[in-house]
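Structural overview
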Amino acid sequence: MEVENVKEEENLEGETSLSEVEGAIRGLSSLPVEDTGDRRRLCSQCRRPQKVCLCPFLPSCALNVSTSLYIVQHPAEESRVLRTVPLLAACLPQEKCKVLVGRRFGEERYPELAAVCRNPGTFILYPGAEAANLEEVSLADIQAPYALIIIDGTWSQAKDIFYKNSLFRLPKQVQIKTTISSQYVIRTQPTNTCLSSLECAAVALSVMEKNDNIQETILRPLHALCSFQLQHGAQIHHSKEHLLKSGLYKKPMPKNKRKLKKMELLVNNVKI
């Protein structure tokens, strides 16, 4: 009888605890939810929070360009806070800048992109031994209209997209010969001359449109973004190449031989 009484008491305690938990949950569910919409409301044009809107640094009207720009964006870029592609899109006419998000771009799912890739006037900006220098390409010998494809992502993500999508082997592969350093100083680049997607587009469009003002106009909001972030606690990010050469690279060296070889090439000024 004593054992049965103990079990009954334990059951009663368990039921009491369960009912207390359920009551607490009900109480929490009835609390008003904090509305964060006003604090993080985004500007419809530059896609930045309204308190740090960059629209004053955008052109008053979209740039008049004849080249169509296709940004092939890795899905991981969508979650990054400090993205440059929305700023780029805000500088150009909507019909001249299209952003396609994904990893695989098949002809059936992307018929428009497939048609663009087959156009003799389409280029894909991806550096490599087979890439021609865009500054040296004679557009007079190539049939218009012109289009430029840029892959937006980390270098490893861009490489994966380029080599795993056969469509991107159809356009003429080009690279930028410029030796300017990236001005996107709040994000780490592999080398001193690696540029963000916005910077690549600014330089490439200036070359293709034969108008240096395009580069200056597109880079203006990027300068403002970096300046604002630095004023509010962000640090200047030197390239991995700079950190390695200066002995300031703090992360442990990779054990993977291929990655280690790449870092050795960076230190020895060998293009990778």
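Residues numbered from 1 in each chain as written. Predicted model: local features only at pLDDT ≥ 70, side-chain atom pairs only at ≥ 80, totals over all residues. Heavy atoms only, no water.

1. Here we look at the overall build of the protein
The secondary structure content of the protein amounts to eight helices and six strands. For the protein, the α and β elements follow one another from N to C terminus as α-β-α-β-α-β-β-β-α-β-α-α-α-α. Within the protein, counting contacts between residues at least 6 apart in sequence, those at least 24 apart form 72% of the total. Working note: accessible area of the protein is about 16,800 Å², and carbon and sulfur atoms make up 52% of it. (Helix = DSSP H or I, 4+ residues; strand = E, 2+ residues; numbered from the N terminus. Contact = heavy atoms within 4.5 Å. Areas by Shrake-Rupley, 256 points an atom, 1.4 Å probe, with all protein chains shown as cover.)

2. Describing the side chain of Lys96
Counting through the fold element by element, Lys96 comes out in the loop between α2 (85-91) and β2 (97-101). Among buried charged residues, Lys96 stands out as having no salt bridge; its nearest opposite-charge side chain is Glu95, 6.4 Å away. (Buried < 20%, exposed > 50% of the residue type's maximum accessible area, 1.4 Å probe, protein only. Lys, Arg positive; Asp, Glu negative; His and termini not counted. Salt bridge = Lys/Arg side-chain N within 4 Å of Asp/Glu carboxyl O.)

3. Here's the deal with the nonpolar core
Counting 43 residues, the largest nonpolar core has Leu69, Leu88, Leu92, Phe123, Leu148, Ile150 and Ile218 as the members making the most contacts within it. Breaking this core down by element, the ones donating at least two residues are β1 (68-73), α2, β3 (122-125), β5 (147-152), α5 (197-209) and α6 (212-231). Setting aside chain neighbours within four positions, we find Leu148 in contact with Thr67, Ser68, Leu69, Tyr70, Phe123, Leu125, Ala204 and Met208. Within the second largest apolar cluster, 19 residues are counted, among which are Leu100, Phe105, Tyr126 and Ile149. (Core = buried A, V, L, I, M, F, W, Y, C linked by side-chain atoms within 4.5 Å.)

4. Notes on the packing of aromatic side chains
One pass over the full model with this rule turns up five aromatic pairs. Judged by centre distance (5.9 Å) and plane angle (50°), the ring pair of Phe105 and Phe168 falls under tilted. Of this pair, Phe105 sits in the loop between β2 and α3 (111-118) while Phe168 sits in the loop between α4 (155-163) and β6 (172-175), and the two are 63 residues apart along the sequence. The interplanar angle of 85° and the centroid separation of 6.1 Å between the aromatic rings of Tyr126 and Tyr163 together place this pair among those described as edge-to-face. With Tyr126 in the loop between β3 and β4 (132-133) and Tyr163 in helix α4, the pair connects residues that are 37 residues apart, well separated along the chain. Judged by its relative accessible area of 9%, Tyr126 falls in the buried class. Each member of the aromatic cluster is reached from another via a ring pair, and the members are Phe105, Tyr110 and Phe168. (Phe/Tyr/Trp six-rings, centres within 6.5 Å; stacked < 30°, edge-to-face > 60°.)

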